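Letter by letter, the chains look like this.
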Amino acid sequence: MGIINVQHLRKAFGNHEVLKDIDFSIDKGEVVCIIGSSGSGKSTLLRCLNLLEIPTSGTVYFTDEVIGGSQKKINEYRSKVGMVFQSFNLFNNMTVLENCMSGSRKVLKRSKEESRVISIKYLKKVGMAPYINAKPSQLSGGQKQRVAIARALTMEPEVLLFDEPTSALDPEMVGEVLNVIKELAKEGLTMIIVTHEMAFARDVSTKTIFMDQGVIAESNEPEKLFTNPKNPRTQAFLSRFING
Amino acid sequence: MEKNIVEWIIFLLQEYGIYFWKGTLITLETSILGTILGLIVGFLLGIIQSTPIYPEDSMAKRVYYKMLKGISNAFVHIFRGTPMMVQAMVLYYGLKQYGVNITPFSAAVLVIMLNTGAYMAETVRGGIISIDNGQFEGGKALGMPHFTIMFCVVLPQAFRNIIPEMGNLFITNIKMTSVLNVIGFAELYFATKTAANTYYRYFEAFLITGAIYFILCTIFTKLLSVLEKKMEGKKDYELATEYLAD
Ligand SMILES: Nc1ncnc2c1ncn2[C@@H]1O[C@H](COP(=O)(O)OP(=O)(O)OP(=O)(O)O)[C@@H](O)[C@H]1O
Ligand SMILES: [Mg+2]
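If you're wondering where the values come from, they're calculated on a predicted model, not measured in any experiment. (Residues numbered from 1 in each chain as written. Chains lettered and ligands numbered in written order. Predicted model: local features only at pLDDT ≥ 70, side-chain atom pairs only at ≥ 80, totals over all residues. Heavy atoms only, no water.)

**Quick notes on the overall build of chain A**
Reasoning step 1: When you go through chain A residue by residue, the secondary structure sums to 9 helices and 10 strands.
Reasoning step 2: A globule of 244 residues ought to have a C-alpha radius of gyration of about 18 Å, and chain A, at 18 Å, matches this closely.
Reasoning step 3: For chain A, the spread of C-alpha atoms along the principal axes amounts to about 55 × 45 × 35 Å.
Reasoning step 4: Counting across all 244 residues of chain A, residues that qualify as buried make up 56%.
Reasoning step 5: Taking all contacts inside chain A whose residues are at least 6 apart in sequence as the whole, residues at least 24 apart take part in 66%. (Helix = DSSP H or I, 4+ residues; strand = E, 2+ residues; numbered from the N terminus. Rg over C-alpha atoms; globule rule 2.2 N^0.38 Å. Buried < 20%, exposed > 50% of the residue type's maximum accessible area, 1.4 Å probe, protein only. Contact = heavy atoms within 4.5 Å.)

What follows is the structure, given as structure tokens:
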């Protein structure tokens, strides 16, 4: 069984069924990219994995255990499965360093000194250590996203979820963020990444999932999915992308 | 020889200055104490009202929060929906009738506290919901419990938006102490009345009292705008040059 295992996951908002019977499993060290057109349910799927949305039905296993239950259990689970948002969601009242230290101190209960050392380690990794004293409002989008990644890494998560990490960025900043994620992939971090960057998905993922209207329409190794899509809807989506 | 207005004011201040001064101090004391206690009540209620109830919480916890919210809601509606003067009468004479004697000072502080609490509850709740939901989600994704996010992330940000309303309430409270003479809380009012009655100089006496309220309110407005500026924080930051090399 994989590190994350999703079985018969459904999510409806009122009578609008956004996710319809999703099944997939990912192993430790895998990098899964989820692609698909707007409104197909990619964000909702990711948010269900993090329990920011509570699934209507179905089960998610994390290392063979069903996720959910009390708030305490949910929070414990979230501390192991990090999430990076399209809109960064850095804490506006804290500096870069305080942002990174917050989870380490308040959730993992590490000491101040230890949290500081770990935070600086990961800030260095994303190239943001010189900015430890800056507030989020004083950073560019690419810088904010790199800090958000460092903040998630200070929790030393087992899985990291990304919801369109570069969609809110100016084109010239997309590269710096994607490079950080590629670096993490090389190091073997397990990741699920929702993205519209097709070249990146093809390059970095071990498995690519194409979502369409709330179902997984196709899931395959990136080489196969991008060069030889089986499902006509995948073909249509990819050709739309290639032809701009 | 007949005195002019200025001369009358100076004369009244010479004669009754000490009473005006004492009245001013007690007015200040009451409104500061009442407002601070009220702010605490308001924050508590505002936080209670914006606490989410999750379907996966235990039954007992859900019932408990629902009750707290219900009580807090009722409290806010009642105190916002009735005049402070009437509340003061009901509280003071009501308690008296049932054998609980409290001083007019305590009654005044209590009424101001409850009123401020009711108004602040709504302001705090508004301040909290005005903060982008992403701030909550950022905290949740790290595994932070609701109250950690509330106290470390959301309230510090909401606080800045709340300051102006805190200032308004403070000033309202300073002025509101003047209607509390209905329960015998009347230091400044009493000084004014005595001064006015003795020499039959109502205009000058109330002019003095008006000026006192005006000065107090002006001072507080200034103090709060200083606090607001302070909360804005630094506009620039220092690069940590020791890490620039990497
Ligand atoms: N909280 C919500 N309440 C109601 N409907 C929602 C909610 N969140 C999402 N939806 C609906 O669910 C559908 C899927 O949304 P979702 O955000 O998962 O799409 P997506 O694949 O991430 O799209 P995009 O590429 O634009 O980010 C949409 O039709 C959206 O309107
Ligand atoms: Mg989305």
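Let's pick the thread back up.
**Some thoughts on the sheet that holds strand β2 (residues 16-26) of chain A**
Residues and elements named next belong to chain A.
Reasoning step 1: Strand order in the open sheet formed by 4 strands is β2-β1-β4-β5, with antiparallel pairing between adjacent strands. Looking along the sheet, the strands with just one partner apiece sit at the ends: β2 and β5 (65-66).
Reasoning step 2: Summarising the sheet, strand β4 (residues 57-62) and β5 pair through 2 bridges and their orientation is antiparallel. For Y61, the partnering residue across the bridge sits in β5 and is V66. (Pairing = 2+ DSSP bridges.)

**A closer look at a nonpolar patch on the surface**
All names here are of chain B.
Reasoning step 1: Together, I5, V6, I10, F203 and L207 give the surface a local cluster of nonpolar side chains, amounting to about 460 Å² of exposed area.
Reasoning step 2: When residues of the nonpolar patch are traced back to their parent elements, those giving at least two are α1 (5-49) and α8 (202-231).
Reasoning step 3: Looking at the nonpolar patch, the element that brings in the most residues is α1, giving 3 residues.
Reasoning step 4: Inspection of the secondary structure assignment puts I10 in helix α1.
Reasoning step 5: For I10, a relative accessible area of 44% corresponds to the partly exposed category. (Patch = residues over 30% accessible without salt bridge, like charges linked within 9 Å, V, L, I, M, F, W, Y side chains within 5 Å. Areas by Shrake-Rupley, 256 points an atom, 1.4 Å probe, with all protein chains shown as cover. Salt bridge = Lys/Arg side-chain N within 4 Å of Asp/Glu carboxyl O.)

**A few points about the site of ligand 1**
All names here are of chain A.
Reasoning step 1: The environment of ligand 1 is made up of 13 residues, and the closest members are S38, G39, K42, S43 and T44.
Reasoning step 2: One of the backbone N or O atoms of G41 is found 3.0 Å from an oxygen atom in ligand 1.
Reasoning step 3: One of the side-chain N or O atoms of T44 is found 2.5 Å from an oxygen atom in ligand 1.
Reasoning step 4: Relative to its unbound accessible area of 630 Å², ligand 1 is 61% covered by the protein chains.
Reasoning step 5: Those elements that provide at least two residues to the shell around ligand 1 are β2 and α1 (42-49).
Reasoning step 6: Class assignment for the residues of the shell around ligand 1 results in 2 nonpolar, 9 polar and 2 charged. (Near = heavy atom within 4 Å. Polar contact = N/O pair within 3.5 Å; in protein donor to acceptor, adjacent residues only side chain to side chain. Nonpolar A, V, L, I, M, F, W, Y, C, P; charged D, E, K, R; others polar.)

**Thoughts on the pairing of strand β6 (residues 81-84) of chain A**
Residues and elements named next belong to chain A.
Reasoning step 1: A two-sided burial pattern is seen for β6, the buried positions comprising V81 and M83 on one face and G82 and V84 on the other.
Reasoning step 2: Here β6 pairs with strand β7 (residues 159-163) via 4 bridges, running parallel. Looking at the pairing, V81 lines up with V159 of β7.

**A few points about the interface of chain A and chain B**
Reasoning step 1: With 36 residues of chain A at the interface, the matching set in chain B holds 29 residues.
Reasoning step 2: When residues of chain A are sorted by the area they lose upon contact with chain B, Q71, F91 and P130 of chain A head the list and together hold 20% of the total.
Reasoning step 3: For the interface between chain A and chain B, the tally reads 1 salt bridge.
Reasoning step 4: One can count 8 residue pairs in polar contact (both at pLDDT 80 or more) joining chain A with chain B. (Buried area = accessible area lost by both parts, 1.4 Å probe.)

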